[in-house]
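Listed here are the chains, written in short residue letters.
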Amino acid sequence: MDNHEIAKLLAETADLMEIAGEDGFRIRSYRNAASVVDGYPEPLSAIVKDPGQKLTDVPGIGKGIASAIEEIEQRGSFERRDQMLELYPPTALELLNIQGLGPKSIKLLFDTYRVSTIDGLEKLCQEQKLRELPRMGAKLEEKVLRSIAQYRQRSDRFLMSFAQGVAQELTEYLMAVEGVEQVTAAGSLRRGKETVGDLDLLATGPGAAAALEKFVKHPKVHEVLGHGENKASVRFGLEGLQVDLRALPREHFGAALQYFTGSKEHNIHLRTRALKMGYTLSEYSLARVESKEPVAAATEEEIYEKLGLAWIPPELRENQGEIEAAEKGTLPKLLTLGDIRGDLHMHTTESDGRATLEEMALAAKALGYEYIAITDHSKALAMANGLDEKRAVAFAALVRELDQKALGIRVFSGLECDIKKDGSMDLADDALAELDFVIGSVHSYMNQESAEMTDRLLRALENKHLRAIGHPTGRVLLHRDPFPFDFDAIASTAARKKVLLEINASPERLDLTAALARAAKARGVKFVISTDAHHPKHLANMRYGVTMARRAWLEPSDIVNTLGAADFARAIGRA
Ligand code: DGT
Ligand code: CA
Ligand code: CA
Ligand code: ZN
């Protein structure tokens, strides 16, 4: 690591210590060391390696910092930092970027509301809860919201869930214009990508031109980037998502939808195919090369059909074999939201969720589910009030009691059990045996080396009570990269041990990714799609997980929670 990287780790640790309210003297020593290291002319890694030199000879570096730097050189982190990251996730550091919030406020936020992310903070402000804390008021809430919006503008991609909200709002707004027949999202959003760069909307009908006029005057449009006869581009909302709207005649709406849905790679492949067949494919039509006579333009279906292909669901249009499959008639019969009959990962007030067991069960029933598993956290997540063995056993009994109330939905007891640093489970086997559906998840030491993480997960897979691995790569979209491990080894072992891999439907996670899920299916893995809901309204996030599964080419038979309640109970040995 170079000096700058080392300095960053030291400074970050100082920030976390400050959030934790630690002794000012120790915090200052890390900060000072960080600035010394950053400005030091010689690479410290060379000093570490040179037996003739000592780090402690560098002015401003004492024994403690020296050993931290040695540890950083060895393994990319150091103990103090790891400890702090256990207490406060790295997202807490991001809060320091929000004007109006210092370390003390961040600690207070975390202690009172367990909020450590920008999204969480935003929600607190919107729900007017920040003002309930000492020395904070309505003015500060406003200031924080503005600052959050500015901060977000710096990131150039947006969560699918956010873009979908904007698409829906604008669709309703534009559909109200007289003569507008249809408004549709195209681009990456239609393909179901987990993040989008910009939003591509298409409008058609005699009122489409009028829709463009209305579009640029939307109260949340802060900047008009371009406004022509058939197209307008704007920045929408404080977050600054770019939205392109195109007005199109009905006659070639299908060609435009096909073109602007992409992906670019899919379109290139399709155009090549068209040319070989004597056609050109454009955003206006599929036409004969020689006569230029259009043969299809109004719908996507007729375009694909003329090209000798079955219609290809947008989620598959990534040039990953879908055109070949459409030719042979071997496209998968993709999973739909309606196939899902239960949700198997959620939290309640027993740990860090917002609603009670019964409230979650009733909310799931209202969605039409036949069963759920309630999977609160285990004790390693002390911050989340995780369950120890004794509480886990009592929890299983409580869930059984609830199930016997016959609410019209079956309720299984579960646990999201931490997979500890060495791959052992956070709770003892006899407690795990009481629970119907044990998920193992990694929530700590996510910076392990790939080999270490692989061994850790392999060991976890040895546990006979384990039913599923939760959010297997640990990624948090736009915040945290997946941790490295040998995915093929884990997928093969999971398949052999009949441990499910989760597709976590939370729009911030969407983990497994589509590519990994598809690779895992090739190795014989079965999946569970769950929301990881911490609030009844999160149960509706299932659709994002289904979208990911579709992008992974998955069919209902790949997903355990498409089984009916009785079959599911049999599948987990709890009939
Ligand atoms: P994004 O916005 O980065 O999440 O990704 P997309 O896929 O929405 O990309 P975008 O907005 O640049 O364009 C939307 C679609 O329009 C894209 O998927 C395919 C089509 N498209 C746009 N420009 C081109 C181009 O220059 N060549 C081709 N073949 N297709 C294009
Ligand atoms: Ca786009
Ligand atoms: Ca675009
Ligand atoms: Zn969870």
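Residues numbered from 1 in each chain as written. Chains lettered and ligands numbered in written order. Predicted model: local features only at pLDDT ≥ 70, side-chain atom pairs only at ≥ 80, totals over all residues. Heavy atoms only, no water.

Quick look at the sheet that holds strand β16 (residues 500-504)
Note the following rule: In this scheme, strands are said to pair when DSSP sees at least two bridges between them. We count a stretch as a helix when DSSP gives it H or I for four or more residues in a row; a strand needs E for two or more, and each element gets its number in order from the N terminus. We call two residues contacting when some pair of their heavy atoms lies within 4.5 Å. Lines fitted to the C-alpha atoms define the axes, with helices restricted to the stretch that makes contact. Angles between their N-to-C directions range from 0 to 180 degrees.
Read across the sheet, 7 strands follow the order β11-β12-β13-β14-β15-β16-β17 without closing on themselves; strand pairing throughout is parallel. In this open sheet, the two strands that pair with only one neighbour each are β11 (342-343) and β17 (527-530). Alignment of β16 against β17, held across 4 bridges, turns out to be parallel. Bridging from a neighbouring strand, Asn 504 pairs with Ser 530 of β17. This element, helix α23 (residues 542-551), spans β11, β16 and β17 of the sheet and lies at about 145° to β17.

Description of the domain arrangement of the protein
Selection rule: Here the bounds of each domain stem from an automatic or database domain assignment. The term buried area refers to how much accessible surface (probe radius 1.4 Å) is lost by two components on association, counted for both of them together. Within this document, salt bridges are pairs made up of a side-chain nitrogen of Lys or Arg and a carboxyl oxygen of Asp or Glu, the two lying within 4 Å of each other. Three classes are used, and their members are as follows: Ala, Val, Leu, Ile, Met, Phe, Trp, Tyr, Cys and Pro are nonpolar, Asp, Glu, Lys and Arg are charged, and the others, Gly among them, are polar.
Assigned domains within the protein: domain 1 (3-154), domain 2 (158-248), domain 3 (254-328) and domain 4 (337-571). Counting residues at the interface gives 10 residues for domain 2 and 12 residues for domain 3. Taking both sides of the interface into account, the surface hidden between domain 2 and domain 3 amounts to around 910 Å²; carbon and sulfur atoms contribute 61%. Across the domain 2-domain 3 interface, the total number found is 2 salt bridges. Glu 300 is paired through a salt bridge with Arg 190; the nearest N and O atoms lie 2.8 Å apart. If you list the elements that add at least two residues to the side of domain 2 that touches domain 3, you get β2 (182-185), α11 (187-191) and β7 (241-248). Broken down by class, the residue content of the side of domain 2 that touches domain 3 amounts to 4 nonpolar, 2 polar and 4 charged.

Here we look at helix α21 (residues 487-497)
To be explicit about the condition: We call a residue buried when its accessible area falls under 20% of the maximum for its residue type, exposed when it is over 50%, and partly exposed in between, using a 1.4 Å probe and counting protein chains only.
Taken together, the buried positions of α21 are Phe 487, Ile 490, Ala 491, Thr 493, Ala 494 and Ala 495. In this structure, the buried side of α21 is in contact with α20 (450-461), β16 and α22 (514-522). One or two positions beyond α21, positive phi appears at Lys 498, with a value near 55°.

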